[in-house]
Amino acid sequence: MFNLILFGPPGSGKGTQSEKLIAKYGFKHLSTGDLLRSEISNQTKLGMEAKSFMDKGQLVPDAVVIGMVDAAISANKGVNGFLFDGFPRTKAQAIALDNLLDSHATAINVVLALDVPEEELIARMINRAKTSGRTDDADESVQKKRISVYKNETLAVAEHYSAFDKVVTLNGLGEIDTIFTSICAEIDARA
Ligand code: B4P
């Protein structure tokens, strides 16, 4: 089993690259952003609670997100690997993920971190807002909040996995296919 975390700030291309990686390697895609947006569109209680955080650019509470991931891992026993996209986003989520995977006798193999300058992140979110209908993309103060949350809470995830020598940083600026090729090279070197 090969388990990968695609890591990076909001708008760095995690979702974009995940789609291509799933098509190539057959990983089980686990995007907490997608899971939360699906809860919102189904108007569940969890979704309504999550929306109030997401619309402000804040993180959804750890317990909610960890519970969702726990259920998704348990429901997908026997897959050849998980691609975690947008999760973990806090050190507490990283520790919880390590424990969950350990209980299934597996672990994270590598964390691939996409490096993209802040101005480009904002430009991509503004652009995505035109078609996505995502309320968290539309407002500049929310975009800035998401980037500051990334710096203050999410960078700790990279520090956590760096201590185990599992983090590889890749250039996330440029053509989508060029970035995809560099991600695949890192996977192929380890799988
Ligand atoms: P996410 O859904 O994870 O989304 P994201 O970080 O905004 O975007 P991503 O990096 O996937 O960018 P994409 O490929 O779309 O999170 C949304 C919210 O959900 C969070 O703010 C939080 O509130 C909540 N949440 C999610 N997970 C959570 C967790 N674990 N804990 C707590 N809360 C959680 O790319 C962006 C745009 O750039 C797209 O339009 C794309 O077409 C474009 N693009 C991609 N690559 C490009 C390239 N190389 N060049 C030019 N454009 C490119």
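Residues numbered from 1 in each chain as written. Predicted model: local features only at pLDDT ≥ 70, side-chain atom pairs only at ≥ 80, totals over all residues. Heavy atoms only, no water.

Trainee: Provide a residue-level description of the sheet that holds strand β5 (residues 167-171), including the pertinent values.
Mentor: Pairing between the strands of a sheet comes from backbone hydrogen bonds, and it takes one of two forms, parallel or antiparallel. If you walk across this open sheet you meet the five strands as β2-β3-β1-β4-β5, and the pairing is parallel. Only two strands of the sheet have a single neighbouring strand rather than two, namely β2 (28-31) and β5. Going from strand to strand, the sheet's axes swing by 20° on average, the running direction of each strand aside. Sheet topology places β2 next to strand β3 (residues 82-85); four bridges connect them, and they run parallel. By the bridge assignment, serine 31 is partnered in β3 with aspartate 85. (Pairing = 2+ DSSP bridges. Helix = DSSP H or I, 4+ residues; strand = E, 2+ residues; numbered from the N terminus. Axes fitted to C-alpha atoms, helices over the stretch in contact; angles between N-to-C directions.)

Trainee: Describe the pairing of β3, naming the residues involved and giving the relevant values.
Mentor: Residue alternation in β3 divides its side chains into two sets, Phe82 and Phe84 and Leu83 and Asp85, and both sets are buried. Across three bridges, strand β1 (residues 4-7) lies against β3 in parallel orientation. Counterpart to leucine 4 in the pairing with β3 is leucine 83. (Buried < 20%, exposed > 50% of the residue type's maximum accessible area, 1.4 Å probe, protein only.)

Trainee: Describe in detail the packing of aromatic side chains, supporting the description with residues and values.
Mentor: Describing an aromatic ring pair means giving the distance of the ring centres and the angle of the ring planes. In this structure the tally under the stated criterion is five aromatic pairs. Between phenylalanine 2 and phenylalanine 27, the aromatic rings sit 6.2 Å apart at their centres with planes inclined by 25°, giving stacked as the arrangement. With phenylalanine 2 in the segment before β1 and phenylalanine 27 in the loop between α1 (14-25) and β2, the pair connects residues that are 25 residues apart, well separated along the chain. For the pair phenylalanine 2 and phenylalanine 27, one class covers both residues: buried. Both rings, one in phenylalanine 84 and one in phenylalanine 87, keep their centres 6.3 Å apart while their planes meet at 45°; by these two values the pair is tilted. (Phe/Tyr/Trp six-rings, centres within 6.5 Å; stacked < 30°, edge-to-face > 60°.)

Trainee: I'd love a proper account of helix α4 (residues 62-74), names of residues and values included.
Mentor: With 13 residues, α4 extends 18 Å from end C-alpha to end C-alpha; this agrees with the ideal 18 Å at 1.5 Å per step. Of all the residues in α4, the buried ones are Val64, Val65, Ile66, Met68, Val69, Ala72 and Ile73. Structurally, α4 contributes buried residues whose contacts are with β2, α2 (32-41), α3 (45-54), β3 and α5 (91-103). (Expected span 1.5 Å × (residues − 1). Contact = heavy atoms within 4.5 Å.)

Trainee: Describe the site of the ligand, naming the residues involved and giving the relevant values.
Mentor: Lining the immediate environment of the ligand, one finds 30 residues, of which Thr16, Thr32, Gln58, Arg128 and Arg146 sit closest. Arginine 37 places a side-chain nitrogen or oxygen 2.8 Å from an oxygen atom of the ligand. One of the side-chain N or O atoms of glutamine 93 is found 2.9 Å from a nitrogen atom in the ligand. Coverage of the ligand by the protein chains reaches 87% of its 1000 Å² of free accessible surface. Every element with two or more residues in the shell around the ligand is listed here: α1, α2, α6 (118-132) and α9 (176-188). Here the shell around the ligand gets four residues from one element, more than from any other, and that element is α2. For the shell around the ligand, the per-class residue count stands at ten nonpolar, eleven polar and nine charged. (Near = heavy atom within 4 Å. Polar contact = N/O pair within 3.5 Å; in protein donor to acceptor, adjacent residues only side chain to side chain. Areas by Shrake-Rupley, 256 points an atom, 1.4 Å probe, with all protein chains shown as cover. Nonpolar A, V, L, I, M, F, W, Y, C, P; charged D, E, K, R; others polar.)

Trainee: Lay out the packing of α1 against α9 in plain terms, naming residues and giving numbers.
Mentor: Look at α1 against α9: their axes get within 10 Å of each other, and the N-to-C directions meet at 50°. With respect to α9, the axis of α1 lies oblique. Here α1 and α9 pass one another in a crossing that is right-handed. Of the residues in α9, those in contact with Thr16, Gln17, Lys20, Leu21, Lys24 and Tyr25 of α1 are Ile176, Asp177, Ile179, Phe180, Ile183, Cys184, Ile187 and Asp188. Counted by class, the contact of α1 with α9 contains eight nonpolar, two polar and four charged residues. (Parallel < 35°, antiparallel > 145°, perpendicular 65-115°, else oblique. Left-handed = near helix turned anticlockwise from the far one by under 90°.)

Trainee: Can you break down unusual backbone geometry residue by residue, with the values?
Mentor: Between phenylalanine 87 and proline 88 the backbone carries a cis peptide bond, its omega angle lying at -5°. Among the secondary structure elements, proline 88 is positioned in the loop between β3 and α5. Backbone geometry places glutamine 43, a non-glycine residue, at a positive phi of 55°. Classification of glutamine 43 by relative accessible area gives exposed; the value is 63%. At alanine 105, a position not held by glycine, the phi torsion is positive, near 60°. Mapped onto the secondary structure, alanine 105 falls in the loop between α5 and β4 (110-115).

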